[in-house]
Amino acid sequence: MADSRFSAKSLSDKRIRFWHGFGIYFCVMNRKTTIIVLSLAAQLAAPAQQRWSLDDCIGYALKHANEVRRQKVEQRQAGVDYRTAVLNFLPTVSAQANGQYSWGRNIDPETNIYNTVATFNNYYGISASMQIFDGGQTWNAFRLARLAKNAAPTAVQKAKDDKAIDVMQKFVDAVYTLKSIAIMEKKLADSRGLLAKTRRLYELGEKSRPDVAQMESQTADDDYNLTHQQNLARTALLALKSAMNFPTGDTLRLDTLVSTPAHAAPADGTVSPLSVDAKPAVILADNAAEQARVSWKMQRAALLPQIYLSGGVSTSYYKTLSSGWTGQAFRQQMRNNLGEYVSLTLSVPLFSPGGWRSIKRAKADYVIARLNADDTRRKMRDAAEQALADYEGCLKETAKMARKAAADSLAYHTSRRKYEEGMLSTFDLQQSSQALLASRVALLRLQMVLAVRLRLVNYYINNEPLWTSN
């Protein structure tokens, strides 16, 4: 009997342990399932919460900008033109086939006597022609195509650099407006807090009604400034999307932490001529000048004699359509009428007034292109010098504005304490608050500008890229 109770109790304990263990297992599995589901949801939501950095925006713009795409198409076309110029050195080969039906008075090709019978004639031929001497026009055309082909990658790089600078400026403007919103929100919250305290002090009899009205006016002004800044941020974001060729209806969340390169100008603070000559704009200007010089030589070559060598093979078939005609068979006539020829042609331009005008125009174009190249090199050097000067000046201004913002912050907190103790007027407190707001906004602007100018200095002087490709 005891054994029976012992067995029942053991069975009951086993059942309890089983269900208890199953419950623990079920809870653990539910927890694992929940973790997996949450992880998948986080992964799916990650792209929607992506923060676009400056390099991300530039990379997207370079892939989708029509300016860069257009230059890539021009690059492929330059390669096609180069291959065409190479093929122009080869001789041209052509084949001809002619069928002629004639009636009335004509010449019999066998007897060379006029007759009035209907005839059918077939002519076949193949010929080749090669230019022996053309004054260097073909060679210069090849050089011109080669120059265009070599300049095409540089043109693509220039389009990328121009687009990167444009996107970089608009990105900084957008980040500046977004960060300014946070400053305006903090200012509005502070004004609302002071307004609540002023109303309470007015109820206690320590502040007058004009003080309350003055704080209400300040709060309303801060509220307007916040709304205005939000509109500016929306406009700046639309401008950035336009520069990136980004869909205007999609959300673009920006990473407000603008990264700056590790170093900037060289120790001596000078602009090297090698760094200026390495810029795409200068390379393209020199290439354009060389193309103009080659075009000038092509125009001069057009007034020189030209020599052509040509040769060919021809044959014919003749048949009289009158009744009772008996003649040679088609194969026999093709063999008997077969003929070959070789010719050498000399062409000398004796009078070409338009040619001399074209030469003068080409020479003027070359002189202008050379002057444009010199101007481009000078402007690029001036831009590098200006970027270095702007960076150094902005660096000093940022440091001094940071000290001013810290001093204005301390002055404002002191003025607020005096205001709360009744030792300062509302007007003086507003002046201190506006000075702090202006200092913070100016410091933010200088920090954003400094990030742009630092990249420009590294681009102009250290020949570093404007963006970091992922």
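About the thresholds
Residues numbered from 1 in each chain as written. Predicted model: local features only at pLDDT ≥ 70, side-chain atom pairs only at ≥ 80, totals over all residues. Heavy atoms only, no water. Pairing = 2+ DSSP bridges. Helix = DSSP H or I, 4+ residues; strand = E, 2+ residues; numbered from the N terminus. Axes fitted to C-alpha atoms, helices over the stretch in contact; angles between N-to-C directions. Buried < 20%, exposed > 50% of the residue type's maximum accessible area, 1.4 Å probe, protein only. Expected span 1.5 Å × (residues − 1). Core = buried A, V, L, I, M, F, W, Y, C linked by side-chain atoms within 4.5 Å. Contact = heavy atoms within 4.5 Å.

Enquirer: Explain the sheet that holds strand β6 (residues 339-347) to me, please; I cannot follow it from the model alone.
Expert: In a beta sheet, neighbouring strands pair by backbone hydrogen bonds and run either parallel or antiparallel. Taking strand neighbours across the sheet as the criterion, the four strands line up as β1-β4-β5-β6 in an open arrangement whose pairing is antiparallel. Each edge of the sheet is formed by a strand with only one pairing partner; in this case those strands are β1 (92-102) and β6. Averaged over all pairs of adjacent strands, the angle between strand axes in this sheet comes to 20°, irrespective of strand direction. Sheet analysis places strand β4 (residues 119-133) next to strand β5 (residues 306-320), joined by 14 bridges and oriented antiparallel. The residue bridging Asn122 from the neighbouring strand is Tyr317, located in β5.

Enquirer: Is there a simple way to think about unusual backbone geometry in this case?
Expert: Among all residues save glycine, negative phi is the norm, and among peptide bonds the norm is trans. Positive phi is not limited to glycine here, since Asn245 has a value of about 60°. The phi angle at Asn463 is positive, at roughly 55°, despite the residue not being glycine. What makes Asn463 partly exposed here is its relative accessible area of 42%.

Enquirer: Explain helix α9 (residues 353-420) to me, please; I cannot follow it from the model alone.
Expert: An ideal rise of 1.5 Å per residue puts 100 Å on 68 residues; α9 measures up with 93 Å between its terminal C-alpha atoms. In the segment just after α9, Gly422 is the residue with positive phi, at about 80°.

Enquirer: Can you walk me through the nonpolar core in this structure?
Expert: One broad rule of soluble globular proteins: the nonpolar side chains tend to lie buried together. Judged by nonpolar contacts, the single largest core of 60 residues is most densely connected at Trp52, Ile58, Val167, Leu240, Met244, Leu254 and Tyr460. When residues of this core are traced back to their parent elements, those giving at least two are α2 (54-64), α4 (137-204), α5 (209-244), α7 (280-301), α9 and α10 (426-460). The greatest single-element share of this core, amounting to 14 residues, is contributed by α10. Setting aside anything within four residues of it in sequence, one finds Ile58 in contact with Ala164, Val167, Met168, Leu466 and Trp467.

Enquirer: I keep staring at the environment of Phe133 and nothing clicks. Help me out?
Expert: Relative to the elements of secondary structure, Phe133 occurs in strand β4. In this structure Phe133 comes out as partly exposed when scored by relative accessible area, which is 39%. A sequence separation of 173 residues divides Phe133 from Gln306, and the C-alpha atoms of the two residues are 5.3 Å apart. If near-sequence neighbours (up to four positions away) are discounted, Phe133 is found in contact with Pro305, Gln306 and Ile307.

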